[in-house]
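Structure assessment
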Amino acid sequence: MEKIIGIGNALVDVLVRLKEDALLERMGLPKGSMTLIDEVRQQELRACIEGLPIEQATGGSAGNTILALARLGSKTGFVGKVGRDAMGWFYADNCKQVGIDACMQECDLPTGVANTFITPDGERTFGTLLGAAATLQASDITPQLFEGVSMAHVEGYLVQNHELMEAICQTAMEQSVQLSLDLASYNVVAADLPFFRHLVQDYIDVVFANEEEAAAFTGKQDPLEALREIAAFKCLAVVKLGSKGASAKLGEEEVVVEARRMPVVDTTAAGDFFAGGFLYALNKGASLRECLDCGTLLAGHVIGVVGTRLPEETWKKIKKQTP
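Heads up: these notes are all about the structure in this document. (Residues numbered from 1 in each chain as written. Predicted model: local features only at pLDDT ≥ 70, side-chain atom pairs only at ≥ 80, totals over all residues. Heavy atoms only, no water.)

As for the overall build of the protein
For clarity, the threshold we go by: Only DSSP runs of H or I with at least four residues qualify as helices, and only runs of E with at least two residues qualify as strands; both kinds are numbered from the N terminus onward. Radius of gyration means the value over C-alpha atoms here, while the globule rule gives 2.2 Å times the residue count to the 0.38 power. The rule is simple: take the accessible area with a 1.4 Å probe, protein chains only, and divide by the maximum for that residue type; under 20% is buried, over 50% is exposed, in between is partly exposed. Any two residues whose heavy atoms approach within 4.5 Å at even a single point are treated as in contact. All accessible-area figures derive from a Shrake-Rupley calculation using a 1.4 Å probe, and residue coverage is judged against the displayed protein chains alone. Think of it this way: Lys and Arg go in the positive column, Asp and Glu in the negative one, and His and the chain ends go nowhere. Where a charge lies is defined by one atom per residue type, namely NZ (Lys), CZ (Arg), CG (Asp) and CD (Glu).
Secondary structure summary: the protein contains twelve helices and 14 strands in total. For a compact globule of 323 residues, the expected C-alpha radius of gyration is about 20 Å, and the protein comes in at 18 Å, within 12% of that figure. Viewed in the frame of its principal axes, the protein has a C-alpha envelope of about 55 × 45 × 40 Å. Relative to its 323 residues, the protein shows a buried fraction of 59%. Considering only contacts within the protein whose residues lie at least 6 apart along the sequence, 75% involve residues at least 24 apart. About 13500 Å² of surface is accessible on the protein, with carbon and sulfur atoms providing 49% of the total. A gap of 7 Å separates the mean positions of the 29 positive and 43 negative side-chain charges of the protein.

In structure tokens:
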């Protein structure tokens, strides 16, 4: 079985369900975005949500995708950095429990936290304290990390460290490892567009984006026009369309599928699980339509729970419907 690894921010999700959008405005967080915060802002956010029920789970975009792949039965690994603390041990233990071969480096900073605020419509907004995750650097990327690996899935949040991203892409290319990139967040793409376009032009084999990210990357507001422009970079382009489904284009082949109609509780990790399902099917040699169907299958289930903890019975049902 070919191995897929994820490289990204090892974060612990602190999940908070809000009763109204107004609290996001009071906290100064644009709805649906990811905002990096420092320790002072972390304390301010915690004060705002004091008394609200909180859940905790492993997170990070690439980490969620690899979690989905592992639960489907793929051979997986993860590269990230945590602190020498309870949250770091929590992250590493969860990887071990689900069969992820994690290369978790440690440092003296606290493990990163993704404060995840879920509004009544299921949309999620992040206030992220990267902590130890931000110390992953180019010198940590070695050829040994890619041994026996067919594909590395990288989250776009790492693009803020250009040297690190170049090291990942160059080393993967030298080891004949394909690269998959999730564009991560529209505001991150907009803030560093030339570098994103360089990566996709020169290195990336598979690009995942939602409608807003695709628009930020291409300047095209129509998602199918954006899909075609991304695919023109000679990669497999995938644009998630939310409740309208998902689309993919490779060369002359273009496919659009409908979303699965499921109750929305929390959209946290929906895109990440979609990518996990898509890559699982792709690794099995499935058609583009089958890959999209597998992605929407996983996304449809994870939006029905808070966080990423799907019941065992659900995973059994999912596996029966995958390639």
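Some points on the packing of aromatic side chains
Stated formally: Aromatic pairs are defined between Phe, Tyr and Trp rings, using the six-membered ring for Trp, whenever the two ring centres lie within 6.5 Å; interplanar angles under 30 degrees are classed as stacked, those over 60 as edge-to-face, and all others as tilted.
Summed over the entire model, instances satisfying the criterion amount to six aromatic pairs. Between F208 and F278, the aromatic rings sit 5.5 Å apart at their centres with planes inclined by 90°, giving edge-to-face as the arrangement. Remark: F278 occurs in helix α10 (residues 270-283) and F208 occurs in strand β11 (residues 206-210); sequence separation between them is 70 residues. For F208, a relative accessible area of 0% translates into the label buried. Residue class for F278 comes out buried when judged on its relative accessible area of 0%.

Topic: unusual backbone geometry
Phi is positive for A184, which is not a glycine, with a value near 85°. Tracing the backbone through its elements, the reader meets A184 in the loop between β10 (178-182) and α6 (186-191). Classification of A184 as buried rests on a relative accessible area of 10%. A positive phi is found at K234, a non-glycine position, where the angle reads about 65°. Position of K234 relative to the elements: it lies in the loop between α9 (223-231) and β12 (236-240).

Description of the pattern of salt bridges
When charged atoms on two side chains of opposite charge get close, those side chains can pair. For clarity, the cut-off: Salt bridge, as used here, is a side-chain nitrogen of Lys or Arg placed within 4 Å of a carboxyl oxygen of Asp or Glu.
Under the criterion given, the structure shown has 15 salt bridges. Among the ionic pairs, R84 bridges to E106, the shortest N-O distance being 3.5 Å. Placement of the pair is R84 in the loop between β5 (75-83) and α4 (86-98) and E106 in strand β6 (residues 100-107), with a sequence separation of 22 residues. We classify R84 as partly exposed; its relative accessible area is 47%.

Examining the sheet that holds strand β8 (residues 124-129)
Rules: Pairing between strands is defined by DSSP: at least two bridges between them are needed. Angular values range over 0 to 180 degrees, each being the angle between N-to-C directions of two axes fitted as lines to C-alpha atoms, with helices fitted over their stretch in contact.
On the basis of which strands lie adjacent, the open sheet formed by five strands has the order β3-β8-β7-β2-β4 and mixed pairing. Of all strands in the sheet, those with a lone pairing partner are β3 (34-36) and β4 (54-59), marking the two edges. The mean angle between the axes of side-by-side strands here comes to 25°, regardless of whether they run parallel or antiparallel. As paired elements, β3 and β8 share three bridges and run parallel to each other. The partner of M34 across the bridge, within β8, is F126.

Some remarks on the sheet that holds strand β14 (residues 253-257)
Strands sit in the order β6-β5-β1-β9-β10-β11-β12-β13-β14 across an open sheet of nine strands; the sheet is mixed. This sheet does not close on itself; its edge strands, each paired only once, are β6 and β14. Between one strand and the next, the sheet's axes are offset by a mean angle of 15°, whatever the strand orientation. Across five bridges, strand β1 (residues 3-7) lies against strand β9 (residues 149-155) in parallel orientation. When the bridges of β9 are listed, K3 appears paired with V149. Helix α5 (residues 162-174) contacts β1, β9 and β10 of the sheet and is inclined by roughly 150° relative to β10.

Some thoughts on the environment of V40
Topologically, V40 is positioned in helix α2 (residues 39-48). C-alpha of V40 to C-alpha of G307: the two residues are 267 residues apart in sequence and 25 Å apart in space.

Quick word on helix α11 (residues 288-302)
Put simply, the rule is: Multiplying one less than the number of residues by 1.5 Å gives the expected span of a helix.
Over its 15 residues, α11 runs 21 Å from end to end, which matches the ideal 21 Å to within 8%, given 1.5 Å per residue. Here α11 lies mainly inside the structure; twelve of its 15 residues are buried. Within α11, the full set of buried residues consists of L288, C291, L292, C294, G295, T296, L297, L298, A299, G300, H301 and V302. Contacts from the buried residues of α11 go to α3 (61-72), β12, β13 (246-250), β14, α10 and α12 (312-320).

Concerning the side chain of K249
Residue placement: K249 occurs in strand β13. Setting aside residues up to four positions removed in sequence, K249 forms contacts with L227, R228, A231, C235, L236, A237 and E254.

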